[in-house]
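Topology and contacts: notes
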Amino acid sequence: MIEQALVVQYLRRWQVERANILADRVAACGGAQLPEPVQMDLAAEKDNMPVSPALAENRAIVRALLGASEDVMDRPLYVGSNRLPACLFYVNGMADRTQIMLILEALTSQSRNDPIPPPGGALNLETFQQLIPSATITGVGSMGQVLEALLNGDSVLFVEGLTLALVMPTDGLPKRQPDEPTTEPTVRGPKDGFTESHVENLALIRRRLRDDRLRVEKFTLGTRTHTTVLLVYLLGLAEPGIVNEVRRRVSRIQVDSVLESGYIEELIEDESFTLFPLVKVTERPDVVVAGMLEGKVALITDGTPHVMLMPSTLVAELQAAEDYYDRWPTSSFIRTLRIIYVFIAFLGPATYVAITTYHQELIPTNLLITLITAREGVPFPAVIEALAMELTMEALREAGVRLPKVVGQAISIVGALVIGDSAVQAGLVSPVMVVVVALTAIASFIIPLYAMSLAVRVLRFAFVVLAGVFGFFGIVVGLMALYVHLVSLRSFGVPYLSPMIPPSWGDQRDVAVRVPWWAMRRRPRFMPLGNRSRMGLSNRPHAPERKEGGKPGAATD
Amino acid sequence: MQQQISGGLYAAVLAIMGSVMPYMLLPRALVQYAGQEAWLAILLGGLYGLAVSLVTVWAACRFSHRDPVKALRCAFGPWAALPVALLYSALNLLLSALALHDVQTFTSILLLPGTPGWVLAPMIAGVAIYAVVRGVEPVSRIAFAVFLPMVLVILVLPTGLFREFDILQIDPFLYRGLDGLVRAISVTLAWTGQSIVALSFIRHLSPKVNPYLWTAIGVGGAHVLLSVTMALITLVFGSVLPGRLLYPGFELFAIIAVSEAVERIQAGVMVLWLAGGLLKVTVNLFAAVEELSVTFNVHRRGWITAVLAVIAMGAAQILPGPLQRTGLTAQAWWNILHVGLQLAILLLLAIGALVGRLRQGAMASG
């Protein structure tokens, strides 16, 4: 229940005209709760409301601002031998109970024998900094800061006669352990992934990047969610222009809520009307660190394990972390295969539809006979057949994602097998179409990043329709429009098709093929960077020189 | 800030403009007049194209930022730039409509038999509008992406055709006399003079590169390539048969059979030529939009592009069928119209440059 008299008293003490108006309105209220408009007006003023020296008023105003929330706890206590009244506020579930107990013990038991403030001393922040076993104790002067601290999981202590509220970090938000990223697993490489805690995510980055030039800037986004967003970059490597641009775009965000990094992504990207991700989103700390070492900037959003890395390019979206952990010839082979399969993923069904519908003359005779035999009896044109199969495949995939894990896999496999086999046996689709759709589905799974895979999936439908209506002509027109689109895309000013377009010949060593690490002496040229040198000159490994008559590897004099 | 392009991209645009459409449409007409010397007609006609483009570049370089239309507008008002801009835009709109018509006809005949051209035209126009609105960089990058494989294909072409070569097909020299050659050259002028489109791209060319050199590479390279393919057509088909084929350049690829599995290479060429054709529509539309926008100081070009594209689309539908169209290329009045427009634009540019120079001199002395 709100003690309205104390709230009125607090507002009158403030001695500001608008506070007096508010006090009149509160005084006019009856009942256990303040009416909603009055609560809203109080909330609008919270940043200007000072902490009162009267403890009871502070308690009343915090209660009035937070409403009758069950989880907001206030623990009255007396500190020191002179029994100075105080009150500890915290939000149950968000604050760590162990730390609360430690603070309470220090305030009540340990200070029992001495007066507070000590004789001849003043009642101030330092008095309590000596007393309470907390890493940091900060004093805040406004009710807005008090509420912000409380809602971040910190504890707030009000003391009679003190015009500061003492904020102690007791964050005990529910967390999960860093485990393997679900969307980007690797065979070789680190198995820890980001979690929902921005503090832990930053620690995961710092663990790999123990560089004193790592810079972290904090933003709070969302007028209601107050989501913490961290801008992380390496001083001297990240180009100041890009850092400033990211800072500018993040600073201008004015939304009421940020629940996931996707909210921010759509508010800071260069171009909204595109299927392609212009920001790389990853759950892997090693990927973020590797990106920052190439001059990129990371944005960590509290509450999500997905960290954004910018600027991004099409090539970066097709690279997997493992490409740099496996041996370079195998990595290069897999990377090339991946690029080929990207083309199959979005052009496979369209090409099949175009050839079988309009351009049979392009198929070698033997293959044509096989295709015609396979399609015999199928009542639909190839385009309808392809669209139906692709839609079924997408539905199965979506169902597999939404269903519980154990059931999901079974549904996907059974669905694919049963529906595919039954459809062929019923003569609704041709076996060749099943092969094409299956190959396409496998190809789209090869794309390492989910956002890119989604873009390819959507494009595939557009190209199937174009091929079904206009054959190769439709595909050429579609490809040309796609090319124009991709060429004109930018990610924080960096061309999206870099380093292929505009061509940067020196950077081709890390596109379709990855050269050995010792040959990648310089960081990418297409990125505006402070320092291009990645390593020294003499990193190429050599077998030890063989002394005459000696064994290889033996120590030389 | 104005987008800039490199010398390579600029040359690729000029090369594609000078080679894609003539590759399909010129051989038939040229062989009819010049016989086995058609390749020479292209080379000599190319000299005119080179001269037109170099004079255009020279005139453009007389103005600040290589932008004659803007300079004239700023110095004397929009009416001073209007004659050049209107003539130039009209010519490019006509060329865009012709290219659109050619692509839709080719597609209707070889790729989608029975599909009316007006069904295909909106798609082509749609892509052209999108590319033009996106600016000079995407347009020139497509040109580069099409030009590079095209050069590779033409370089590899002789290896697939050498069994069909008959050196006697080009012997004796000047079999049809000098008249035929001159007539064929006059037919090429309307095509080669299209290199005047350099006017819209020169202002975007990076100031670090030599504009004359890259213009010469682009326009000269296009005509050398075209001449080589013309020579190949003559070596394979002789000097009579190509005059009876609608698209001899296309048939050249149709006879290549590397093995039983790889027997229809023309599919690849079709794709390249289609892309090149779409690009020609786009580049001419871009040129028309660019000069009109600069003249009237329009920054948001969407609506101008859309209006001009619709006009081009409409014009493409009233043009005659493929046989009449190839006949049209050889008509004297048609070629005079084109060459006249090209020369008129050059003349106006030269006058503009001269007046600008005089005014500058007067201001300096005053």
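Residues numbered from 1 in each chain as written. Chains lettered and ligands numbered in written order. Predicted model: local features only at pLDDT ≥ 70, side-chain atom pairs only at ≥ 80, totals over all residues.

1. Details of the overall build of chain B
As a reminder of what qualifies: The helix count covers DSSP runs of H or I at least four residues long, the strand count covers runs of E at least two residues long, and both are numbered beginning at the N terminus. We compute the radius of gyration from the C-alpha atoms alone; for a globule the expected value is 2.2 Å times N to the 0.38, where N is the number of residues.
Along the backbone of chain B there are 14 helices and zero strands. When the helices and strands of chain B are read in sequence order from the N terminus, they spell out α-α-α-α-α-α-α-α-α-α-α-α-α-α. Taking 2.2 N^0.38 as the reference for a compact globule, 366 residues should give roughly 21 Å; the C-alpha atoms of chain B span a radius of gyration of 21 Å, in line with that estimate. Counting only C-alpha atoms and orienting by the principal axes, one finds that chain B spans roughly 75 × 45 × 40 Å.

2. A look at the overall build of chain A
Which entries qualify depends on this criterion: Partly exposed residues are those whose C-beta has more than 12 but fewer than 20 other C-beta atoms within 10 Å; with 20 or more the residue is buried, with 12 or fewer it is exposed, and the C-beta atoms are placed from the backbone. The contact rule is simple: place each C-beta atom from the backbone, and if two of them lie within 7 Å, those residues are in contact.
Helix and strand counts for chain A stand at 18 helices and 12 strands. Scaling as 2.2 N^0.38, a compact globule of 557 residues should have a C-alpha radius of gyration of about 24 Å, whereas chain A reaches 32 Å, well beyond that. Seen through its principal axes, chain A has C-alpha atoms that stretch 100 × 80 × 40 Å. Residues classed as buried in chain A amount to 38% of the 557 residues present. Considering only contacts in chain A between residues 6 or more positions apart, those separated by 24 or more positions represent 64%.

3. Things to note about the interface of chain A and chain B
Stated precisely, the cut-off is as follows: Under this grouping Gly is polar, as are all residues other than the nonpolar Ala, Val, Leu, Ile, Met, Phe, Trp, Tyr, Cys and Pro and the charged Asp, Glu, Lys and Arg.
With 17 residues of chain A in contact, the opposing surface of chain B contributes 25 residues. Of the residues contributing to the side of chain A that touches chain B, the split by class is 14 nonpolar, two polar and one charged.

4. So, the pairing of strand β7 (residues 227-234) of chain A
Residues and elements named next belong to chain A. The following threshold applies: Two strands make a pair as long as DSSP finds a minimum of two bridges between them.
Inspection of the sheet shows strand β6 (residues 214-221) paired to β7 by eight bridges, in the antiparallel sense. For V216, the partnering residue across the bridge sits in β7 and is V232. The turn linking β6 back onto β7 is made up of five residues, and G222 within it adopts a positive phi angle of 95 degrees. Strand direction decides the pairing type here: β7 and strand β9 (residues 297-301), joined by four bridges, are antiparallel. Looking across to β9, one finds that V229 is bridged to T301.

5. So, the environment of T127 of chain A
All names here are of chain A. Within the element layout of this structure, T127 appears in helix α6 (residues 125-131). Separated by 135 residues in sequence, T127 and G262 place their C-alpha atoms 45 Å apart. T127 has contacts with I116, P117 and G121, leaving out every residue within four places of it along the chain.

6. Things to note about the sheet that holds strand β5 (residues 165-168) of chain A
Residue and element names in this part refer to chain A. The condition is simple: Think of each axis as a best-fit line through the C-alpha atoms, taken over the contacting stretch in the case of a helix, with angles from 0 to 180 degrees between the N-to-C directions.
Reading across from one edge, β1-β2-β4-β5-β3 is the order of the five strands in this open sheet, with antiparallel pairing throughout. For this open sheet the edge positions go to β1 (72-79) and β3 (138-140), each flanked by a neighbour on one side alone. Strand-to-strand twist in this sheet, taken as the mean axis angle between neighbours without regard to direction, amounts to 30 degrees. Here β3 runs beside β5; their pairing, made up of three bridges, is antiparallel. In the strand pairing of β5, V140 is matched with A165. Packing of helix α4 (residues 55-66) onto the sheet brings it into contact with β1, β2 (84-91) and β4 (155-159), and relative to β2 it is tilted by some 15 degrees. Along the sheet, helix α7 (residues 143-151) contacts β2, β3, β4 and β5; its crossing angle with β2, the most-contacted strand, is approximately 55 degrees.

7. Some thoughts on the nonpolar core
Condition: Working definition: the nonpolar core is a set of buried Ala, Val, Leu, Ile, Met, Phe, Trp, Tyr and Cys residues, joined through C-beta atoms within 7 Å. Each domain span listed reflects an automatic or database assignment of domains.
M480 of chain A together with L30, L100, I124, A128, A143 and L278 of chain B are the most contacted members of the largest nonpolar core, which has 217 residues in total. No other element matches helix α1 (residues 7-34) of chain B, which puts 20 residues into this core. For this core, the two domains that each supply at least three residues are domain 2 (198-312) and domain 3 (324-495) of chain A. Filtering out sequence-adjacent residues up to four positions away, A128 of chain B remains in contact with L278, V281, T282, L285 and A309 of chain B. One finds M49, L84, L88 and V146 of chain A within the second-largest nonpolar core, a separate group that totals 46 residues.

8. Some words on the domain arrangement of chain A
Domain annotation of chain A identifies domain 1 (4-168), domain 2 (198-312) and domain 3 (324-495). Taking only C-alpha atoms into account, the centre of domain 1 of chain A sits 34 Å from that of domain 2 of chain A.

9. Quick word on the packing of helix α18 (residues 450-488) of chain A against helix α6 (residues 136-161) of chain B
What counts, and what does not: For classification, angles of less than 35 degrees are called roughly parallel, those exceeding 145 degrees roughly antiparallel, those between 65 and 115 degrees roughly perpendicular, and all remaining angles oblique. Here is the rule for handedness: rotate from the far helix to the near one, and if that takes an anticlockwise turn smaller than a right angle the crossing is left-handed, while a clockwise turn gives right-handed.
Running from amino to carboxyl end, α18 of chain A crosses α6 of chain B at an angle of 125 degrees, the nearest separation of the two axes being 9 Å. Considered as vectors, α18 of chain A and α6 of chain B are oriented oblique to each other. As for how α18 of chain A packs across α6 of chain B, the hand of that crossing is right-handed. Across the interface between the two elements, M480, Y483, V484, V487 and S488 of chain A of α18 of chain A pack against E137, P138, R141, I142 and A145 of chain B of α6 of chain B. Of the residues assigned to the contact of α18 of chain A with α6 of chain B, the class counts are seven nonpolar, one polar and two charged.

10. Details of the confidence of the model for chain B
Note the threshold: Per-residue confidence from the prediction method is given by pLDDT, with values spanning 0 to 100.
With 95% of its residues at a pLDDT of 70 or more, chain B shows a mean pLDDT of 87. Across the whole predicted complex the pTM is 0.87, and at the interface the ipTM reaches 0.89.

11. A few points about the packing of helix α8 (residues 198-208) of chain A against helix α11 (residues 285-292) of chain A
Residue and element names in this part refer to chain A. As a packed pair, α8 and α11 sit with axes 9 Å apart at the nearest point and diverge in direction by 60 degrees. Relative to α11, the element α8 lies oblique. Note that α8 runs across α11; the crossing there is right-handed. In this structure, α8 contributes L204, I205 and R208 to the contact, and α11 contributes P285, D286, V288 and V289.

12. Here's the deal with helix α3 (residues 68-76) of chain B
Those residues of α3 of chain B not exposed but buried are P68, V69, A71, L72 and R73 of chain B. One or two positions beyond α3 of chain B, positive phi appears at G77 of chain B, with a value near 100 degrees.

13. Things to note about the sheet that holds β9 of chain A
All names here are of chain A. Reading across from one edge, β6-β7-β9-β10-β8 is the order of the five strands in this open sheet, with antiparallel pairing throughout. Each edge of the sheet is formed by a strand with only one pairing partner; in this case those strands are β6 and β8 (280-282). Between one strand and the next, the sheet's axes are offset by a mean angle of 25 degrees, whatever the strand orientation. One ladder, built from three bridges, connects β9 with strand β10 (residues 307-310); its direction is antiparallel. Across the sheet, residue V297 finds its bridge partner in β10, namely M310.

14. Overview of unusual backbone geometry
Residue and element names in this part refer to chain A. Residue P117 follows I116 across a cis peptide bond; omega there is -5 degrees. On the secondary structure map, P117 appears in the loop between α5 (97-110) and α6. Residue P502 is reached from I501 by a cis peptide bond, and omega for that bond is -5 degrees. With respect to the element layout, P502 can be found in the segment after β12 (494-495). Phi is positive for R83, which is not a glycine, with a value near 50 degrees. Residue position: R83 is located in the loop between β1 and β2.

15. What about α7 of chain A?
Along an α-helix, residues three or four positions apart point the same way, because every turn accommodates 3.6 residues. Residues and elements named next belong to chain A. Short version of the rule: Working note: the arc is built from the helix axis to C-beta atom directions.
If you check which residues of α7 are buried, you get M143, V146, L147, A149 and L150. Viewed end-on, α7 has its buried residues packed into an arc of 160 degrees, placing them on one side of the element. On the buried face of α7, the contacting elements are α4, β2, β3, β4 and β5. Just past α7, the residue G153 takes up positive phi, approximately 100 degrees.

16. Description of the environment of V136 of chain B
Residues and elements named next belong to chain B. Checked against the element boundaries, V136 lands in helix α6. Under the C-beta neighbour-count criterion, V136 is labelled buried, with 24 such atoms within 10 Å. C-alpha of V136 to C-alpha of E290: the two residues are 154 residues apart in sequence and 9.5 Å apart in space. Contacts of V136, omitting those with residues within four sequence positions, involve Q3, I5, F201 and H204.

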